[in-house]
Amino acid sequence: LINQASATKQLAARKLQAVTTISIIAMLGLNTIRIYDFIINPYNQGLPLYATFILLLFLLGIWQLGRSGKTTLSAWLLIITYALPTMFCFYQWGADLPAAILMTVLIMMLAGIFLGLKSALVVAIAFASSMIVFSYLQVNQLIALDSNWRQQSHQLADTLAYILIIGIIFLLAAIIVRENKKALAKADQAAQ
């Protein structure tokens, strides 16, 4: 039983390392997109390049922390690292910004995979509440809403960012499916 708990903890640590590595690669991609954005449009008002660079540094720190065996702390920090820019997007550009909504789905999946269903529910309630509060404040003009993105033509950089987020969500779903198949195979072996 002790060996099984140790193996489960090691598996969780490996999954967290894999997700953090994927996140680092995605953040490098996002930084490339942001640099491209600034080259073709220096007045672009998206997430500032320094913010995406700081997020990349945070992810590298989380990766290192996860290697040292602090899986739960690393998981929470990973969720916070994704949640902060998402909340900023809700605040700055509105609770209906497509990339922020996709990020919310990703964050809930991360919480569910690494921290359990109760934590995923807490994260879901926190984001739903935030979306309601930000929407109310913005509709009633209690905080400023930058809605310029609604009048601009769709940009390739936006599509690439969506694809990155969807790719990470897909990889997380693939991890879940693979784990379920392994668990079912072990259950079949145990039953036989």
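In this text, all values refer to a predicted model and were calculated from it rather than measured experimentally.

Our next topic: the pattern of salt bridges. One pass over the structure, following the stated rule, counts one salt bridge. The closest approach of N and O atoms between Asp-96 and Arg-150, which form a salt bridge, is 2.7 Å. One end of the pair, Asp-96, is in the loop between helix H3 (71-93) and helix H4 (98-115); the other, Arg-150, is in helix H6 (residues 148-151), and 54 residues separate them in sequence.

A separate point is helix H5 (residues 117-139). The end-to-end C-alpha distance of H5 is 32 Å, a good match for the 33 Å that 23 residues give at a rise of 1.5 Å each. Three or more residues of H5 are buried, namely Ser-119, Ala-120, Val-123, Phe-127, Ser-130, Phe-134 and Gln-138. Contacts from the buried residues of H5 go to H3 and H4. Directly beyond the C-terminal end of H5, a positive phi value near 55 degrees is found at Gln-141.

Let us now look at the side chain of Thr-20. Tracing the sequence through the fold places Thr-20 in helix H1 (residues 2-40). By relative accessible area, which is 0% here, Thr-20 ends up buried. With sequence-adjacent residues up to four places away left out, Thr-20 is seen in contact with Leu-59, Ile-62, Trp-63 and Leu-78.

Here the focus is a positive patch on the surface. There is a patch of like positive charges on the surface, built from Arg-14, Arg-178, Lys-182 and Lys-186. Examining the composition of the positive patch, we find that three residues originate from one element, helix H7 (residues 156-191), more than from any other. Mapped onto the elements, Arg-178 comes out in helix H7.

Attention shifts here to the nonpolar core. Membership of the largest hydrophobic core comes to 41 residues, with the highest contact counts inside it found for Leu-78, Tyr-82, Leu-106, Leu-110, Phe-114 and Leu-172. Contributing elements (two or more residues each) for this core: H1, helix H2 (49-67), H3, H4, H5 and H7. Here the element with the most residues in this core is H4; it accounts for ten residues.

In this structure, Gln-141 takes a positive phi of about 55 degrees despite not being glycine. Here Gln-141 shows up in the loop between H5 and H6. Here Gln-141 falls in the exposed class, since its relative accessible area comes to 72%.

As a further point, take the packing of aromatic side chains. Per the counting criterion, the structure on display carries three aromatic pairs. Seen in terms of ring centroids, Phe-88 and Trp-93 are 5.6 Å apart; in terms of plane orientation they differ by 90 degrees. Their pairing is edge-to-face. With a relative accessible area of 34%, Phe-88 lands in the partly exposed category. Pairing Tyr-91 with Phe-134 gives two aromatic rings, centres 6.0 Å apart and planes at 65 degrees, and the pair type is edge-to-face. You can see Tyr-91 sitting in helix H3 and its partner Phe-134 sitting in helix H5, a full 43 residues away along the chain. The partly exposed category is assigned to Tyr-91, whose relative accessible area is 36%. Judged by relative accessible area, Phe-134 falls into the buried class, the value being 17%.

With 39 residues separating them along the chain, Tyr-91 and Ser-130 place their C-alpha atoms 9.1 Å apart. Other than its neighbours up to four places away in sequence, Tyr-91 contacts Phe-134, Gln-138, Ile-143 and Ala-144.

Here we come to the packing of H2 against H3. Running from N to C, H2 and H3 cross one another at 170 degrees; their axes reach a closest spacing of 9 Å. It follows that H2 is roughly antiparallel to H3 by the angle criterion. Each of Leu-55, Phe-58, Leu-59, Ile-62, Leu-65 and Gly-66 in H2 lies in contact with H3, whose residues at this interface are Leu-73, Ser-74, Leu-77, Leu-78, Thr-81 and Pro-85. Of the residues belonging to the contact of H2 with H3, the class tally is nine nonpolar, three polar and no charged.

Rules and cut-offs
Residues numbered from 1 in each chain as written. Predicted model: local features only at pLDDT ≥ 70, side-chain atom pairs only at ≥ 80, totals over all residues. Heavy atoms only, no water. Salt bridge = Lys/Arg side-chain N within 4 Å of Asp/Glu carboxyl O. Helix = DSSP H or I, 4+ residues; strand = E, 2+ residues; numbered from the N terminus. Expected span 1.5 Å × (residues − 1). Buried < 20%, exposed > 50% of the residue type's maximum accessible area, 1.4 Å probe, protein only. Contact = heavy atoms within 4.5 Å. Patch = residues over 30% accessible without salt bridge, like charges linked within 9 Å, V, L, I, M, F, W, Y side chains within 5 Å. Areas by Shrake-Rupley, 256 points an atom, 1.4 Å probe, with all protein chains shown as cover. Lys, Arg positive; Asp, Glu negative; His and termini not counted. Charge placed at Lys NZ, Arg CZ, Asp CG, Glu CD. Core = buried A, V, L, I, M, F, W, Y, C linked by side-chain atoms within 4.5 Å. Phe/Tyr/Trp six-rings, centres within 6.5 Å; stacked < 30°, edge-to-face > 60°. Axes fitted to C-alpha atoms, helices over the stretch in contact; angles between N-to-C directions. Parallel < 35°, antiparallel > 145°, perpendicular 65-115°, else oblique. Nonpolar A, V, L, I, M, F, W, Y, C, P; charged D, E, K, R; others polar.

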